[in-house]
Amino acid sequence: MSSTHSLRKRLMWFVLVAILLAAVLQAVTAYRGALRQADAMFDDHLQQMARSLRGGIPLGLPQAGAEDDPGYDLFVQIWGQDGTQIFRSTRSALPPRAVLGFSDVEAHGNRYRVYTLQTPLQTVQIAQDLSARTARARALALRAVLPFAWLTPLLMLAVWWIIKRSLAPIERTRQVVASRAADDFSPLEGAGLPDEVRPLVDELNLLFGRVRHAFKAQKNFVADAAHELRSPLTALKLQAQTLRRVDSDPAAREAAVTRLNQGIDRAIRGVEQLLLLAREEAGSAPPASAVPVDLQQVVQLAVADTLPQARHKQIDLGLAGNLPAQAVPPVSGQLEALRILLRNLLENAVKYTPPGGQVDVSLALVEDCPVLLVEDSGPGIAPENRSRVFDRFFRASDAAPQTGSGLGLAIVKAIADRHGAVLALGESARLGGLKVEVRFAPGAPRAEL
């Protein structure tokens, strides 16, 4: 069972509920505080009234019968020095005896808040109906709470508007992504996005870049396959037709079968090169499984792969130089990819070196940078063509007529770029042919054993 949720709804729900709970808590606190303040104010009023009556009965004080006025809630009793009652404002008198100070008294079914003050000449008692007093206190408390009643909805509305406006850039980004074409990998605009969301957009842009590169590599592969396989397949078809016409001549038939097999081998080699180039170009970033690689091991494996071809042409293929293995630090990368890089360089050198020639591979350390060197005694490459030999399907016009797909050095360039290596072509001063230099970034120091 899948569950979905909206960040905006969750955020708005929690914030609005928090505001509502805080408003209710503040309102309850304000209401209770207002009740306490009103109660203290009424008590203070009773004290002031009692003190004002110490010198005698003030003019305008309601007489008996004033309790019939429903709006009047103060009642007064005064006793003389001998205990004789000299004034009261109620028909139903309050209890004649009361404790000094404040007290709560119940009489004739009503409750009163009473304050009694005694002087040398008289005793003054001021009473207030508690029900009327409570009603007035609640009215004052409600007036104190009233601002919360209309400020809380306004605050909730303001918070809702702020949250909606703050999340608007995220919604715009979502709409931009939703309306994009399938082949649109342009970066998303990060301006105006919250700091919490911008890293996600940055990572999406990096992902778009990787997908764009992979998509481009796929298109290149389709174009390269269409370009490279058209001629070999056409040649295979023609050779198969020729084979059908030479049934009566065994020698001609054998020659046709040989050419057909060679054509098939060239087609297989071309497909392998195309797939290898597509795989290497699809990973433009450094390999995720990069590990320290010993270049001595790479040289041994690549030479072993190429040695049968060199022996077939009677070419002297081997290691040159006497640099100790401990002097070359490892490089970060993939062993198999670097093996393919060096093998392609050696195969290219063997292919264009005349029979009986020489191909040497060596390791060097130049300014703390590991360097792979491949030299041959072949015709080399003219300086004006050296910048183009790493392009797909390019073959130098001055090179010896050799079959090939023209993808070997393109694969070398793709692998070198992935490993941060720099390729340089020059003339071998020792053998007279081509010299290829692969310079890696400074490697990690070799651990002491």
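A quick note: this is a predicted structure, and the numbers were derived from the prediction, not measured.

Here the structure, examined in full by the defined rule, presents eleven salt bridges. Between Arg339 and Glu336 there is a salt bridge, and its shortest N-O distance comes to 3.7 Å. Residue Arg339 and its partner Glu336 are both found in helix H7 (residues 335-352); the two are separated by three residues, about one turn of the helix.

Glancing now at the pairing of strand E2 (residues 85-88). Sheet analysis places strand E1 (residues 74-79) next to E2, joined by three bridges and oriented antiparallel. Within E2, the position partnered with Ile78 by the bridge is Phe87. From the end of E1 to the start of E2, which pair antiparallel, there are five residues, and Gly83 there has a positive phi angle of about 90 degrees.

Next up on the list: the nonpolar core. Nonpolar side chains tend to gather and get buried jointly when the protein is soluble and globular. With 39 residues, the main nonpolar core has Leu342, Leu345, Leu346, Val359, Val374, Val438 and Phe440 as its most contacted residues. Sorting the residues of this core by element identifies helix H6 (295-312), H7, strand E9 (358-366), strand E10 (369-376), helix H8 (408-418) and strand E12 (434-439) as the ones contributing at least two each. No other element matches H7, which puts nine residues into this core. The contact partners of Leu342, leaving out residues within four places of it in the chain, are Val298, Val299, Ala302, Val361, Leu372 and Val374. In terms of nonpolar packing, the next biggest core, distinct from the first, is built from twelve residues, Ala50, Leu53, Leu74 and Leu117 among them.

Right, let's talk about the confidence of the model for the protein chain for a bit. Fine structural detail should not be taken from predicted coordinates in areas where pLDDT scores are low. Mean pLDDT over the protein chain: 76, with 75% of residues reaching 70 or higher. Per-element confidence in the protein chain ranges from a low mean pLDDT of 68 for helix H5 (residues 250-282) to a high of 90 for E12. Segment residues 444-449 is flagged for pLDDT under 50; beyond a separation of four residues in sequence, or across chains, it makes seven contacts in the model.

This brings us to the sheet that holds E1. If you trace the five strands from one edge of the open sheet to the other, you get E2-E1-E5-E4-E3, paired in antiparallel fashion. Sheet topology places E2 and strand E3 (101-107) at the edges, where each strand pairs with a single neighbour. Neighbour-to-neighbour, the strand axes of this sheet turn through a mean angle of 20 degrees, independent of strand direction. Both E1 and strand E5 (residues 123-129) contribute to a ladder of six bridges, which runs antiparallel. In the sheet register, Ile78 faces E5, and the bridge partner there is Val124. In this fold helix H1 (residues 7-52) packs onto E1, E3, strand E4 (110-118) and E5, with an angle of close to 45 degrees to the strand it touches most, E4. Helix H2 (residues 130-166) contacts E3, E4 and E5 of the sheet and is inclined by roughly 60 degrees relative to E5.

Their axes nearest at 8 Å, the elements H6 and H7 cross at an angle of 35 degrees. Helix-helix and strand crossings are classified by hand; for H6 and H7 the assignment is right-handed. Contact with H6, carried on its side by Gln297, Val298, Val299, Leu301, Ala302, Val303, Asp305, Thr306, Gln309 and Ala310, involves Leu335, Leu338, Arg339, Leu342, Arg343, Leu346, Glu347 and Val350 of H7 and no other residues of that element. Looking at the contact of H6 with H7 residue by residue, the classes come out as eleven nonpolar, three polar and four charged.

This next bit is on empty space enclosed by the protein. The full count for this structure, using the stated rule, is two cavities of 30 Å³ or more. Estimates place the volume of the largest cavity at around 40 Å³. What lines the largest cavity is simply Leu345, Asn348, Ala349, Asp376, Leu409, Leu434 and Val436. Looking at the lining of the largest cavity, the elements with two or more residues in it are H7 and E12. Examining the composition of the lining of the largest cavity, we find that three residues originate from one element, H7, more than from any other. Among the residues making up the lining of the largest cavity, the classes are represented as five nonpolar, one polar and one charged.

Strand order in the open sheet formed by five strands is E7-E9-E10-E12-E11, with mixed pairing between adjacent strands. Of all strands in the sheet, those with a lone pairing partner are strand E7 (316-319) and strand E11 (422-427), marking the two edges. The mean inter-strand angle of the sheet, taken between neighbouring strand axes irrespective of direction, is 20 degrees. Across the sheet, H6 touches E7, E9 and E10, and the angle it forms with E7 is around 170 degrees.

Tracing the sequence through the fold places Asp129 in strand E5. Here Asp129 is buried and forms no salt bridge, its nearest opposite-charge partner Arg111 lying at an N-O distance of 8.5 Å. A polar contact of 2.8 Å, which involves the side chain of Asp129, links it to the side chain of Ser131.

Right, let's get into unusual backbone geometry. Notably, Glu367 is not glycine yet its phi reads approximately 55 degrees, a positive angle. Mapped onto the elements of the fold, Glu367 is located in the loop between E9 and E10. What makes Glu367 exposed here is its relative accessible area of 66%. With a phi angle near 65 degrees, Asp368 is a residue other than glycine that sits in the positive phi range. The topology assignment puts Asp368 in the loop between E9 and E10. Look at Asp368 and you get exposed, because its relative accessible area is 59%.

Reading the values: rules and limits
Residues numbered from 1 in each chain as written. Predicted model: local features only at pLDDT ≥ 70, side-chain atom pairs only at ≥ 80, totals over all residues. Heavy atoms only, no water. Salt bridge = Lys/Arg side-chain N within 4 Å of Asp/Glu carboxyl O. Helix = DSSP H or I, 4+ residues; strand = E, 2+ residues; numbered from the N terminus. Pairing = 2+ DSSP bridges. Core = buried A, V, L, I, M, F, W, Y, C linked by side-chain atoms within 4.5 Å. Buried < 20%, exposed > 50% of the residue type's maximum accessible area, 1.4 Å probe, protein only. Contact = heavy atoms within 4.5 Å. pLDDT = per-residue confidence, 0-100. Axes fitted to C-alpha atoms, helices over the stretch in contact; angles between N-to-C directions. Left-handed = near helix turned anticlockwise from the far one by under 90°. Nonpolar A, V, L, I, M, F, W, Y, C, P; charged D, E, K, R; others polar. 1 Å grid on protein atoms, 1.4 Å probe; cavity = no way out; pocket = protein on both sides within 12 Å on 5 of 7 lines; lining within 4 Å. Points joined across faces, edges and corners; volume = space filled by probe spheres on them. Lys, Arg positive; Asp, Glu negative; His and termini not counted. Polar contact = N/O pair within 3.5 Å; in protein donor to acceptor, adjacent residues only side chain to side chain.

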